[in-house]
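Chains, contacts and geometry: an overview
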Amino acid sequence: MNAIEIRGFETSPLTIRSESRLSALAAGKAFPTEVHPELLREVMIVAIEDFSLFYGAKQALFDIHMGVPSGKVTALIGPSGCGKSTLLRSINRINDLLDIVSIHGDIKLQGKSIYAPDVDVIELRKRMGMVFQKPNPFPMSIYENVVYPLRIDGERDKDVLDDVCERSLRGAGLWDEVKDRLGDSALSLSGGQQQRLCIARAIAGEPEVLLMDEPCSALDPIATQNVENLIDSLSGRYTVLVVTHNMQQAARISDYVAFMYLGRLVEYGPTSTLFQNPHLPETLDYVTGRFG
């Protein structure tokens, strides 16, 4: 992705209208999502349809309707607590692990509901690579970390495992750094290397979608740059949905940006447009730092 400058803006009448709209959203008034026409030309691998989620009696997501474009990097942005991670974790049904969660609406992967009665949740999660905020390598060798998804599927052919290990580590930009110590503990790697190892593990199973929940939040600037470069290189080969609080990062790594506020999807469009000329004043206020 090309670098995008996030411009500064002088206060304008848009701000007043934006504040009124945000206040209305805070009061529970719904507005239709502003979806840019460029998205209508994309093939959507994930379709989120009028999706709402509740933690007990508390509603966290409100009627989310959006598609995730195949082969593109989509960033979810918005203030803390706006529902970004909740939405991300709904796509591979990690939220199911909480007894208090209930949902309305649907999410489809390749046109099939992930909540259909015949869906095997474990198999579903194999189709969704997941990378968390903090690196979580398993306490085993670098090699075994990478091939773990194949091991649990019963793969025992060493040639297959070796090929997947090298291919995944190359894909994660880590092969040259670890090829001579694949038997070493993954815990011996630096934080940035561990996160790239987790990405290698996530792509080893050839997932249809790669979900990333603030993958750089625990990393230093150099490690962050390495992971961002990796995400950029994955675009086109993988569909990536990433949560980030960092506006500059979203501008650097994504093709599309979805702005969320108080559990609602406010505006969704191409990254360059959303940062340089958003359709809605509240989006303008958020990306230029007036609130959030």
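Residues numbered from 1 in each chain as written. Predicted model: local features only at pLDDT ≥ 70, side-chain atom pairs only at ≥ 80, totals over all residues. Heavy atoms only, no water.

1. A few points about the overall build of the chain
A tally of regular secondary structure across the chain gives 11 helices and 11 strands. Taken over C-alpha atoms, the radius of gyration comes to 20 Å for the chain, in line with the 19 Å a tight globule of 292 residues would show. Along the longest, intermediate and shortest principal axes, the C-alpha atoms of the chain span 65 × 45 × 35 Å. Counting across all 292 residues of the chain, residues that qualify as buried make up 51%. Excluding contacts between residues fewer than 6 apart, the proportion of contacts in the chain whose partners are at least 24 apart in sequence is 71%. Between the centroid of the 29 positive side chains of the chain and the centroid of its 38 negative side chains there is a distance of 2 Å. (Helix = DSSP H or I, 4+ residues; strand = E, 2+ residues; numbered from the N terminus. Rg over C-alpha atoms; globule rule 2.2 N^0.38 Å. Buried < 20%, exposed > 50% of the residue type's maximum accessible area, 1.4 Å probe, protein only. Contact = heavy atoms within 4.5 Å. Lys, Arg positive; Asp, Glu negative; His and termini not counted. Charge placed at Lys NZ, Arg CZ, Asp CG, Glu CD.)

2. A closer look at helix 7 (residues 191-204)
Under the 1.5 Å per step criterion, the end-to-end length of helix 7 is 20 Å for 14 residues, consistent within 8% with the ideal 20 Å. Summarising burial for helix 7: 13 of the 14 residues are buried, a large majority. (Expected span 1.5 Å × (residues − 1).)

3. Examining the state of the cysteines
Evaluation of the coordinates by the stated rule reveals 0 disulfides. Not part of a disulfide, Cys165 finds its nearest cysteine sulfur in Cys198, a span of 14 Å. The exposure class assigned to Cys165 is buried, which follows from its relative accessible area of 1%. Summary of cysteine pairing: Cys198 is not part of a disulfide, and the nearest cysteine sulfur, belonging to Cys216, is at 12 Å. (Disulfide = S-S within 2.5 Å.)

4. Side note on the confidence of the model for the chain
Parts of the prediction with low pLDDT should not have their coordinates interpreted in detail. Put simply, the chain has an average pLDDT of 90, and 93% of its residues get 70 or more. Across the chain, strand 4 (residues 73-77) holds the top mean pLDDT of 98, while helix 1 (residues 13-26) sits lowest at 60. Below a pLDDT of 50 lies the segment residues 5-16, which in the model reaches 19 contacts outside its immediate sequence neighbourhood of four places, other chains included. (pLDDT = per-residue confidence, 0-100.)

5. What about unusual backbone geometry?
A positive phi angle, near 50 degrees, is found at Glu214, a position not held by glycine. Considering the arrangement of structural elements, one finds Glu214 in the loop between strand 8 (209-213) and helix 8 (221-234). Although it is not a glycine, Leu262 sits at a positive phi angle of roughly 50 degrees. Along the polypeptide, Leu262 turns up in the loop between strand 10 (256-261) and strand 11 (264-270). Classification of Leu262 by relative accessible area gives partly exposed; the value is 37%.

6. Some thoughts on the packing of aromatic side chains
Applying the stated criterion across every chain, the model contains 3 aromatic pairs. Relative to Tyr115, the ring of Phe51 has its centre 6.2 Å away and its plane inclined at 25 degrees; by these criteria the two rings are stacked. Here the residue Phe51 occupies a position in strand 2 (residues 44-55), and Tyr115 occupies one in the loop between strand 6 (112-113) and helix 3 (121-126), the gap between them amounting to 64 residues. You can call Phe51 buried: its relative accessible area is 0%. Residue classification places Tyr115 among the partly exposed positions, given a relative accessible area of 23%. Considering the side-chain rings of Phe138 and Tyr148, the 4.9 Å spacing of their centres and the 70 degrees angle between planes classify their relative orientation as edge-to-face. With Phe138 in the loop between strand 7 (128-131) and helix 4 (142-151) and Tyr148 in helix 4, the pair connects residues that are 10 residues apart, well separated along the chain. (Phe/Tyr/Trp six-rings, centres within 6.5 Å; stacked < 30°, edge-to-face > 60°.)

7. Some words on the environment of Ile222
Position of Ile222 relative to the elements: it lies in helix 8. Among the residues examined, Ile222 registers a relative accessible area of 63% and is labelled exposed. Each C-alpha atom, one on Ile222 and one on Arg151, is 32 Å from the other, the two residues being 71 residues apart in sequence.

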